[in-house]
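# A closer look at the structure
In case you want the letters, here they are:
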Amino acid sequence: MAAVVIVGAQWGDEGKGKIVDIYTEHADMVVRFGGGPNAGHTLVVGNEKLVVRLIPSGILRPETTCVLAQGMVIDPGSLVTELDELQERGHLPTPSSASGPARAGTGATLVVSDRAHAILPYHVLVDGLREQGAGAIGTTKRGVGPCYEDKAARRGITLGMFRDLVATEARIKTAIEAWTPTIKALGGTPPSAEEVIAKIRPCAERILPLLSNTSLLAEAAVREGKNVLFEGAQGTLLDIDHGTYPFVTSSHATAGGACTGSGVGPSRIDTVIGLVKAYTTRVGGGPFPTELNDATGERLRKVGDEFGSVTGRPRRTGWLDLPALRYAVRVNGLDGLALTKMDVLTGLDEIKVCVRYKAAAGESDEFPIDDAVNAEPVYQSFPGWNEDISKARSLRDLPENAQKYIAFLEAQARCPVVLVSVGYRRADTIVLSNPFDAAPRARGGARAV
């Protein structure tokens, strides 16, 4: 039995939905430990596409307990909308009473932390107003950043406070008073506390039966020897501490966030898997040294369907950045890499990979995290392939050039590849090792091809 953390090793959008869904076949519990409705995971079930923003990808597994932990920020309206959609499709039972989440025959159980903070209308308002100005950084305008600001300022509203809406209204009034100068300066009109409560009230009736102390639940599951998967959001390079600041999210997207966001200690974690695309994408503003503003970049966007699952915005595309990947391996302590969207590279005559950077001080193998705008990537080229790889189920099924590409990535990243996605369906996957079955191979080991 194992506790496994899954994180993005780039700027997010690495395909966590599909990979987490694959791993949750072996998991008893899936814990989403950070972020909010700004993170969309696309799942494909048969011919049906399902996008989840708050609820973990494991919700499609009938015997899995899904947890929204206290490190998250949750929009009550968005959560209720997602609950409705999942219940309409038969993927989630309806709780039978206010005594707690219930399992109705089949269907996953959903548990929500009463210490997770609520994204409220004034958070969304501030986020949207800020993104209209010169200081816009490309947020999803979902209120995530302002909600985390209130949390740090100790004036936030937790979901557990919904149990007493009279007392909560007074706290909301205080928060609105603090935000009013900012809202007015940005040209907006602050809502009243009464208006906010009116929006919360119907959501509270749906959410309260799901609330629990999720730190206790998650730690107990690990202690009892169950398979627990900790699901991250966004990616390493968007982490508030370790990303390309200030163009980052407002939470901890690295593996350490699994512990702070879930309330499970670091000594309980067995394995950390990082997801990485065979190329690189980014949404919103900020440095992107390997970005392609040409026909190749547009082709990657079109073939890879690189449009935000939450916003629909086209993603910026570029070549794989190995110094950035090594950085992600280091700050997350990655034990293995899950390589996604390998099939998108099919048909390219030449594939490039950034292997180091040129800067004023000379060349370096390190990712220039604080000076990425001025650093010049140095590329190594590889021949492409034209064969359809979607039916490959082992590395030897892949074209020789694809095998060499993977072997090079693995050796240079100094981290073993444990999974390769060769298509968008769940079955279109080469599973090299299962983190729930056995310990990963030693770090730095490269596979011979």
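Quick look at the structure, then. (Residues numbered from 1 in each chain as written. Predicted model: local features only at pLDDT ≥ 70, side-chain atom pairs only at ≥ 80, totals over all residues. Heavy atoms only, no water.)

## Thoughts on the overall build of the protein chain
In terms of regular secondary structure, the protein chain is built from eleven helices and 20 strands. Summarising its shape, the C-alpha atoms of the protein chain cover approximately 65 × 50 × 40 Å along the three principal directions. Taking all 449 residues of the protein chain together, 57% fall into the buried category. Partitioning the intrachain contacts of the protein chain with sequence separation of at least 6 by distance along the chain shows that 76% fall at a separation of at least 24. When the accessible surface of the protein chain is split by element, carbon and sulfur atoms take 50% of a total near 17900 Å². Taken as two groups, the 49 positive and 52 negative side-chain charges of the protein chain have centres that lie 1 Å from each other. (Helix = DSSP H or I, 4+ residues; strand = E, 2+ residues; numbered from the N terminus. Buried < 20%, exposed > 50% of the residue type's maximum accessible area, 1.4 Å probe, protein only. Contact = heavy atoms within 4.5 Å. Areas by Shrake-Rupley, 256 points an atom, 1.4 Å probe, with all protein chains shown as cover. Lys, Arg positive; Asp, Glu negative; His and termini not counted. Charge placed at Lys NZ, Arg CZ, Asp CG, Glu CD.)

## Some words on the packing of aromatic side chains
Scanning the entire structure with this criterion turns up seven aromatic pairs. Judged by centre distance (6.3 Å) and plane angle (50 degrees), the rings of tyrosine 327 and phenylalanine 367 are tilted. Of this pair, tyrosine 327 sits in helix H10 (residues 322-332) while phenylalanine 367 is found in the loop between strand E17 (362-364) and strand E18 (376-383), placing the two residues 40 residues apart along the sequence. The class of tyrosine 327 is buried, set by a relative accessible area of 10%. (Phe/Tyr/Trp six-rings, centres within 6.5 Å; stacked < 30°, edge-to-face > 60°.)

## Notes on the environment of aspartate 305
In this fold, aspartate 305 is placed in the loop between helix H9 (295-303) and strand E13 (316-318). Here the alpha-carbon distance between aspartate 305 and leucine 216, two residues 89 residues apart in the chain, equals 39 Å. With residues near it in sequence (within four places) discarded, aspartate 305 still touches Lys49, Leu300, Arg315 and Lys341.

## A few points about the sheet that holds strand E5 (residues 65-68)
Working definition: the strands of a sheet are paired by backbone hydrogen bonds and lie parallel or antiparallel to each other. Taken together, the ten strands give an open sheet; going across it, the order is E9-E7-E5-E2-E10-E1-E11-E15-E19-E20, and neighbouring strands pair in mixed fashion. The outermost strands of the open sheet, each flanked by one partner alone, are strand E9 (211-212) and strand E20 (429-431). Relative to E5, strand E2 (residues 29-32) runs parallel, the two sharing four bridges. Paired with valine 31 across the strands is valine 67, a residue of E5. Where helix H1 (residues 16-23) meets the sheet, its contacts fall on strand E1 (3-8), E2, strand E10 (228-231), strand E11 (271-277), strand E15 (336-340), strand E19 (417-421) and E20, and the angle it forms with E19 comes to roughly 120 degrees. (Pairing = 2+ DSSP bridges. Axes fitted to C-alpha atoms, helices over the stretch in contact; angles between N-to-C directions.)

## Some words on the pattern of salt bridges
Two side chains carrying opposite charge are able to pair once their charged atoms lie near each other. The full count for this structure, using the stated rule, is 19 salt bridges. Where arginine 426 meets aspartate 21, a salt bridge forms, and the shortest distance between an N and an O atom there is 2.7 Å. You can see arginine 426 sitting in the loop between E19 and E20 and its partner aspartate 21 sitting in helix H1, a full 405 residues away along the chain. What makes aspartate 21 buried here is its relative accessible area of 3%. Here arginine 316 makes a salt bridge to glutamate 291, at a shortest N to O gap of 3.0 Å. One end of the pair, arginine 316, is in strand E13; the other, glutamate 291, is in the loop between strand E12 (280-282) and H9, with 25 residues separating them in the sequence. (Salt bridge = Lys/Arg side-chain N within 4 Å of Asp/Glu carboxyl O.)

## Structural notes on the pairing of E5
Every regular strand shows the same layout, with side chains that alternate between the two sheet faces. Covered by surrounding structure in E5 are Thr65 and Val67 together with Cys66 and Leu68, the residues of both alternating faces. For E5 and strand E7 (residues 109-113), the ladder comprises four bridges, and the chain directions are parallel. Counterpart to leucine 68 in the pairing with E7 is valine 112.

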